[in-house]
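# Reading the structure
Chain by chain, the residues:
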Amino acid sequence: MLSGLRKVSASPDELLKTSLTAPFCFGQVLVRKTNNGFVLFHREDEAGKDLQTCRNAEEALKIAKYDDAGNYRPLKTAPNLRRGWRLTLKTLEEVKRALDYFYPGRLAVFAAWKTGQLRTTNLRDTLDRQSGMYRVAAKISDAQIDDVVGAFCRSDGGCLRTILWKRDQPGTVSSTKLPNEKFDPTFDQAKALGRRGPSAFVEATADKATPATATVPLLCQEACNLLVAECRKIVTGARAR
């Protein structure tokens, strides 16, 4: 079970060892403890049958590559992780490696945030440092940012990360088109999909004999390259018109 949201003083490895105590959810992945180790599966397949069984962490790379329709997933934190698999692993180190394949870099960001060492970069600074064909993205207006972030980053179809960055140096919210929960690390972003799943940082279940399930948030400390590309598209599209 996670130790809540308070900042702790520990090394990233120590933090993850104490925090990643099954059962817990990480994005659309549910991790449970077994007698022989751990089992990972899509959180909507908890009661699923006839799941394809995989037995090494590297299989997560293949699972995360395409969605259910066979389309390539350029954004690994998009809410379209394919279903129908079961990944059995023996050690926590293997679990950490698999989760890093499913959601690259997110465990390290979580550890930095929990230890109070995470630095965020506002969107304007991210756009201003672009070069080459993406330099023009910095010309995007505030109103356009409000729209593009609101559409591209929404949890129900865009991205399951919790946004920690601001729009600009004064600390303007990233987008007024997103609900407040999108900026709250205690909120389970998968709930925005309107599907069954554990709530974030659950302290107890109705049945005291049943282990509680926590959610480790997918945190976003700065705009990704795909969002920068969207900003460029908006600017160049407006110019073309």
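For clarity, every value in this text was computed on a predicted model and none was experimentally measured.

### Topic: the side chain of R82
Relative to the helices and strands, R82 is located in the loop between α2 (59-65) and β5 (85-89). Put simply, R82 is tucked away with no salt bridge, and the nearest opposite charge, on D68, sits 6.0 Å away. If sequence neighbours within four positions are ignored, R82 has contacts with H42, Q52, K62, I63, Y66, D67 and D68.

### Topic: the environment of A78
Examined against the element boundaries, A78 turns out to sit in the loop between α2 and β5. In this structure A78 comes out as buried when scored by relative accessible area, which is 10%. Between the alpha carbons of A78 and G157 there is a distance of 7.0 Å; along the sequence they are 79 residues apart. The contact partners of A78, leaving out residues within four places of it in the chain, are Q28, R73, G158 and C159.

### Observations regarding helix α4 (residues 106-114)
Owing to its 3.6 residues per turn, the α-helix brings residues three or four apart onto one side. Burial within α4 is extensive, with 7 of its 9 residues counted as buried. When α4 is considered as a whole, its buried residues turn out to be R106, L107, V109, F110, A111, W113 and K114. Looking one or two places after α4, you find G116, whose phi comes out positive at around 75 degrees.

### Remarks on the confidence of the model for the chain
Mean pLDDT for the chain: 87, with 85% of residues reaching 70 or above. Counting interchain partners and residues more than four positions distant, the pLDDT-below-50 stretch residues 196-211 has 37 contacts.

### What to know about the sheet that holds strand β1 (residues 24-26)
Pairing is mixed in the open sheet, where 6 strands are placed in the order β4-β5-β3-β2-β1-β7. This sheet does not close on itself; its edge strands, each paired only once, are β4 (52-54) and β7 (214-216). Strand-to-strand twist of the sheet, defined as the mean angle between neighbouring strand axes without regard to direction, takes the value 25 degrees. For strand β3 (residues 37-42) and β5, the ladder comprises 4 bridges, and the chain directions are antiparallel. Within β5, the position partnered with V39 by the bridge is T88.

Basis of the calculations
- Residues numbered from 1 in each chain as written.
- Predicted model: local features only at pLDDT ≥ 70, side-chain atom pairs only at ≥ 80, totals over all residues.
- Heavy atoms only, no water.
- Helix = DSSP H or I, 4+ residues; strand = E, 2+ residues; numbered from the N terminus.
- Buried < 20%, exposed > 50% of the residue type's maximum accessible area, 1.4 Å probe, protein only.
- Lys, Arg positive; Asp, Glu negative; His and termini not counted.
- Salt bridge = Lys/Arg side-chain N within 4 Å of Asp/Glu carboxyl O.
- Contact = heavy atoms within 4.5 Å.
- pLDDT = per-residue confidence, 0-100.
- Pairing = 2+ DSSP bridges.
- Axes fitted to C-alpha atoms, helices over the stretch in contact; angles between N-to-C directions.

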